[in-house]
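If you want the building blocks of each chain, they are given just below.
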Amino acid sequence: MGLRHSELQMIFEAPIILAQLLDVPEHEAIYDRPNLGDTDLVVQMAGYTFALTIIPRVSTGKLKEYAEHLKDMTWGRARTVTPLVVTPFMTDPARGFCNEVGISWFDLSGNAHIIEPGLRVIVKGQSNRFRGPGRPETVFAPKSSRMVRWLLI
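Here the residue index of a chain counts from 1 through its sequence in written order. In keeping with the predicted nature of the model, local features appear solely for residues at pLDDT of at least 70, side-chain atom pairs appear and are counted solely at 80 or more, and the whole-chain, interface and lining totals rest on all residues. Excluded from the side-chain calculations are hydrogens and water; all other atoms, namely the structure's heavy atoms, are used.

A run of H or I in DSSP counts as a helix once it spans at least four residues, and a run of E counts as a strand once it spans at least two, with each numbered from the N terminus. Relative to the helices and strands, Ser109 resides in the loop between β5 (104-107) and β6 (112-116). Definition of a polar contact: a pair of N or O atoms within 3.5 Å, with one able to donate and the other able to accept a hydrogen when the atoms are protein atoms, and with sequence-neighbouring residues admitted only if both atoms are side-chain atoms. At a separation of 3.0 Å, a polar atom in the side chain of Ser109 contacts the main-chain carbonyl oxygen of Pro88. Every residue pair with non-hydrogen atoms within 4.5 Å of one another is taken to be in contact. When residues no more than four places from it in sequence are discounted, the contact partners of Ser109 are Pro88, Phe89, Gln126, Ser127, Asn128, Arg129 and Phe130.

As C-alpha cells, then:
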C-alpha cells in the first residue's frame, strides 16, 4: 500500500469510505461525476448530498486555494450540498487549517471531520495507510541521533 493513489482510484474508494464513516450500506449511495470546477464526485447518502473534491497530495496552500473557491461559490446562498475534501491522509497542519476555516474533510485512512446541521462525524487517530517507502522516524535516525548523542554527552 505504499504506492500513491491516483485520482481515479481515490474517486472509486471515496464513496466506500464515506459510507463506512456514516454507517450506511455503500449500495444505498447515489453518485455522479459532474463537470463542476473543483468537484470530482457528488454523492447522495444518508439524506445528505456531498460534493467531494479529491486532493491527492494535501498541502496548506492547496487548502487555502480551495477555501477561497468554496467561499466564492457559497457566498450569499443557502447551502444544500456539503463540500468535502478527500485525501489519502490528512496531516496535522492541514487538519488544523481545515478546522480553523470550517472545511469538512475525510481521508482514505479513515479519519474524518464532517460537521453539518444534523450531522457530526469526527474520527481521529487512524494511521496513514498510504505511507511511502523509507526509513521510519525514530530517535535513532541520523538527524535525530545528533540530539540523543548530545544528551548522552
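Attention now goes to the pattern of salt bridges. For this analysis, a salt bridge means a side-chain nitrogen from Lys or Arg found within 4 Å of a carboxyl oxygen belonging to Asp or Glu. The tally for this structure, following the rule as stated, stands at 2 salt bridges. The residue Glu65 makes a salt bridge to Lys62 at a minimum N-O spacing of 3.8 Å. Placement of both Glu65 and Lys62 in helix α2 (residues 60-74) is noted, with a separation of 3 residues, approximately one turn of the helix. Exposure is judged per residue with a 1.4 Å probe applied to protein chains only, and the accessible area is read against the type maximum: over 50% gives exposed, under 20% gives buried, and values in between give partly exposed. Using a relative accessible area of 38% as the deciding quantity, one classes Lys62 as partly exposed. Notably, a salt bridge pairs Asp92 with Arg95, separated by 3.9 Å at the nearest N-O pair. Note that Asp92 and Arg95 are positioned in helix α3 (residues 92-101) at a spacing of 3 residues, about one turn of the helix. The class of Arg95 is buried, set by a relative accessible area of 12%.

What follows is about helix α1 (residues 7-22). Helix span is expected to be 1.5 Å times the residue number reduced by one. A rise of 1.5 Å per residue sets the reference length of α1, with its 16 residues, at 22 Å; its end C-alpha atoms lie 22 Å apart and thus fit the reference within 8%. Bend is the name given here to the angle between axes fitted to two runs of seven residues, the run ending at a residue and the run starting at it. Of all the bends in α1, the largest measures some 30° and sits at Glu13, one to four residues before the proline Pro15. Within α1, the full set of buried residues consists of Met10, Ile11, Glu13, Ala14, Pro15, Ile17, Leu18, Ala19, Leu21 and Leu22. Looking one or two residues beyond α1, the residue adopting positive phi is Asp23, at roughly 60°.

Here we take up the pairing of strand β2 (residues 41-45). Within a regular beta strand, the side chains point alternately toward one face of the sheet and then the other, so they alternate between its two faces. Here β2 shows a buried face lined by Leu41, Val43 and Met45 and an unburied face lined by Val42 and Gln44. Between any two strands, pairing holds if DSSP finds at least two bridges. In terms of strand pairing, strand β1 (residues 30-32) meets β2 through 3 bridges, oriented antiparallel. Its bridge partner lying in β2, Asp32 is registered against Val42. Pairing between β2 and strand β3 (residues 48-54): 5 bridges, direction antiparallel. Among the inter-strand pairings, Val43 is bridged to a residue of β3, identified as Phe50. Here β2 folds back onto β3, and the loop between the two strands holds 2 residues, one of which, Ala46, carries a positive phi near 55°.

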